[in-house]
Each structure stands twice: as C-alpha cells, then as structure tokens.
Amino acid sequence: MEDIDRQRALAYFERLGKERVRLYTAIDCDRYLGDWQVRELADQWLDAKNAEDRPRQLGWPLLRRLLSNRRS
C-alpha cells in the first residue's frame, strides 16, 4: 500500500468514526473498506483509538479517589 493510499484510508476512518469502522471490519471488510492491507490498517487504527481512550478512563477514578480523600 502506498503512503498516499494509507493516508486516504486513515482520513476515511476518521470520517467514519470508531464504531462504524469496527462494524465494517466485523461484517465484511473487503466489501466496505478494501483488501487485506486496509483491514490490517483498520485494525491498527482501532487499536490506537482504543489506546487513546484507555488512559482517560483509568485516570478519572484515580483523580476522584484522590480528591475524595483530600476532602475527608
């Protein structure tokens, strides 16, 4: 896959959003997104998006716990 094709695919994933890309890869990636290279790129993109979301989810309970301990 050429770099320009990769950039276009990543921009397309951004426009679609995480939920729709996950749905398309689960149903029929070849039909909706493209060949196996695009499937691998979509899997990598989804992993990166999940990693971006994970620290935020873990950070808030810790912050709440620290603040509640300070107030007590």
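For the structure itself, look to the data block above.
Residues numbered from 1 in each chain as written. Predicted model: local features only at pLDDT ≥ 70, side-chain atom pairs only at ≥ 80, totals over all residues. Heavy atoms only, no water.

**Q** Can you lay out the nonpolar core for me, pointing to particular residues and giving the numbers?
**A** In terms of nonpolar packing, the biggest core is built from 12 residues, these being Ala9, Phe13, Leu16, Val21, Tyr24, Cys29, Leu33, Val38, Leu41, Ala42, Trp45 and Leu46. When residues of this core are traced back to their parent elements, those giving at least two are helix H1 (3-16), helix H2 (18-32) and helix H3 (36-71). At 5 residues, H3 tops the list of elements feeding residues into this core. With near-sequence residues (within four places) excluded, tyrosine 24 lies in contact with Leu16, Cys29, Tyr32 and Leu33. (Core = buried A, V, L, I, M, F, W, Y, C linked by side-chain atoms within 4.5 Å. Buried < 20%, exposed > 50% of the residue type's maximum accessible area, 1.4 Å probe, protein only. Helix = DSSP H or I, 4+ residues; strand = E, 2+ residues; numbered from the N terminus. Contact = heavy atoms within 4.5 Å.)

**Q** Residues and numbers for the packing of aromatic side chains, please.
**A** Taken as a whole and judged by the stated rule, the model has 1 aromatic pair. With a centroid separation of 5.7 Å and 50 degrees between ring planes, the pair formed by phenylalanine 13 and tryptophan 45 is classed as tilted. In this pair, phenylalanine 13 sits in helix H1 while tryptophan 45 sits in helix H3, placing the two residues 32 residues apart along the sequence. (Phe/Tyr/Trp six-rings, centres within 6.5 Å; stacked < 30°, edge-to-face > 60°.)

**Q** Quick one: what's the story with the environment of aspartate 5, residue by residue and with numbers?
**A** On the secondary structure map, aspartate 5 appears in helix H1. By relative accessible area, which is 36% here, aspartate 5 ends up partly exposed. For the pair aspartate 5 and valine 38, spaced 33 residues apart in the sequence, the C-alpha separation amounts to 9.3 Å.

**Q** Can you break down the pattern of salt bridges residue by residue, with the values?
**A** Pairing is possible between side chains that carry opposite charge, provided their charged atoms lie close to one another. The tally for this structure, following the rule as stated, stands at 4 salt bridges. Salt-bridge contacts for glutamate 14 lead to lysine 49; the nearest nitrogen and oxygen are separated by 3.0 Å. Placement of the pair is glutamate 14 in helix H1 and lysine 49 in helix H3, with a sequence separation of 35 residues. For glutamate 14, a relative accessible area of 45% translates into the label partly exposed. Close ionic contact of lysine 49 with glutamate 52 constitutes a salt bridge, the shortest N to O distance being 3.7 Å. Highlighted residues: lysine 49 and glutamate 52, both in helix H3, separated by 3 residues, approximately one helical turn. The exposure class assigned to lysine 49 is buried, which follows from its relative accessible area of 18%. Note on glutamate 52: relative accessible area 43%, which makes it partly exposed. (Salt bridge = Lys/Arg side-chain N within 4 Å of Asp/Glu carboxyl O.)

**Q** Residues and numbers for H2, please.
**A** Every α-helical turn comprises 3.6 residues, leaving residues that sit three or four positions apart pointing alike. With 15 residues, H2 extends only 14 Å from end C-alpha to end C-alpha; this falls clearly short of the ideal 21 Å at 1.5 Å per step. A maximum bend of about 85 degrees is found in H2 at alanine 26. Turning to H2, its buried residues number three or more, namely Val21, Tyr24, Thr25 and Cys29. Looking one or two places after H2, you find glycine 34, whose phi comes out positive at around 145 degrees. (Expected span 1.5 Å × (residues − 1). Bend = angle between axes of the 7 residues up to and from the residue.)

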